[in-house]
Amino acid sequence: MRGSLSQVVGSVGERLFREEQGLPSRIPSLEEVIADAHQEWLAAQNYFENVSDPELVDHAIYLLEAAERKYVYLLRQARTSDVHSVTGTI
């Protein structure tokens with residue numbers, strides 16, 4: 001009983017520390033990270049297509065390229081780790 005109580009207390013303490021530091025209380029799955037990256041890429045595409053200030057075009061291009069590279073990287077990671085539920089297309 002003593003070991004399990006200390007594990008529970010440690011788990012609660014870790015979760016409280018993570019929340020206090022602004023860290024997620026759980027680690028997201030690879031599928032969730034890929035879905036977030038895909039949304040980030042779509043948002044970057046939308047921003048690029050709608051930017052009207054010439055001074056922001058370079059920034060939009062940078063965001064778009066970075067988001068695309070992140071998404072492609074994560075898709076490759078999923079393929080090499082044999083994650084089958086990822087349905088991303090490039």
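Nothing here was measured: the structure is a model prediction, and the numbers come from that model.

**A closer look at the overall build of the protein**
Counting its secondary structure elements, the protein contains 3 helices and 0 strands. Tracing the protein from N to C terminus, the helices and strands come up as α-α-α. Considering only residue pairs separated by 6 or more positions, the protein has 48% of its internal contacts joining residues 24 or more positions apart. For the protein, the computed accessible surface area is about 7,100 Å², with 55% contributed by carbon and sulfur atoms.

**Focus: the nonpolar core**
The biggest cluster of nonpolar side chains holds 10 residues, and these are Ile34, Ala37, Trp41, Ala44, Leu64, Ala67, Tyr71, Leu74, Leu75 and Ala78. Sorting the residues of this core by element identifies helix 2 (30-50) and helix 3 (57-80) as the ones contributing at least two each. Examining the composition of this core, we find that 6 residues originate from one element, helix 3, more than from any other. Apart from residues lying up to four places away in sequence, Leu64 is in contact with Trp41, Ala44, Gln45 and Phe48.

**Quick notes on helix 2**
Counted at 1.5 Å a residue, the expected span for helix 2 with its 21 residues is 30 Å, and the 30 Å between its end C-alpha atoms agrees. By the burial criterion, the buried members of helix 2 are Ile34, Ala37, Trp41 and Ala44. One side of helix 2 carries all its buried residues, which in axial view fall inside an arc of 80°. Residues of helix 2 that are exposed and point more than 90 degrees away from the buried face comprise Asp36, Gln39, Glu49 and Asn50. The secondary structure elements touched by the buried residues of helix 2 are helix 3.

**Section: the pattern of salt bridges**
If you walk through the whole model with that rule in mind, you get 2 salt bridges. With a shortest N-O distance of 2.8 Å, Arg26 and Glu32 are connected by a salt bridge. On the basis of relative accessible area, Glu32 is assigned to the partly exposed category, the value being 30%. Two residues, Glu40 and Lys70, come together in a salt bridge whose shortest N-O distance is 3.1 Å. With Glu40 in helix 2 and Lys70 in helix 3, this pair connects stretches of sequence that are 30 residues apart. Using a relative accessible area of 37% as the deciding quantity, one classes Glu40 as partly exposed.

Calculation rules
- Residues numbered from 1 in each chain as written.
- Predicted model: local features only at pLDDT ≥ 70, side-chain atom pairs only at ≥ 80, totals over all residues.
- Heavy atoms only, no water.
- Helix = DSSP H or I, 4+ residues; strand = E, 2+ residues; numbered from the N terminus.
- Contact = heavy atoms within 4.5 Å.
- Areas by Shrake-Rupley, 256 points an atom, 1.4 Å probe, with all protein chains shown as cover.
- Core = buried A, V, L, I, M, F, W, Y, C linked by side-chain atoms within 4.5 Å.
- Buried < 20%, exposed > 50% of the residue type's maximum accessible area, 1.4 Å probe, protein only.
- Expected span 1.5 Å × (residues − 1).
- Arc of directions from axis to C-beta.
- Salt bridge = Lys/Arg side-chain N within 4 Å of Asp/Glu carboxyl O.

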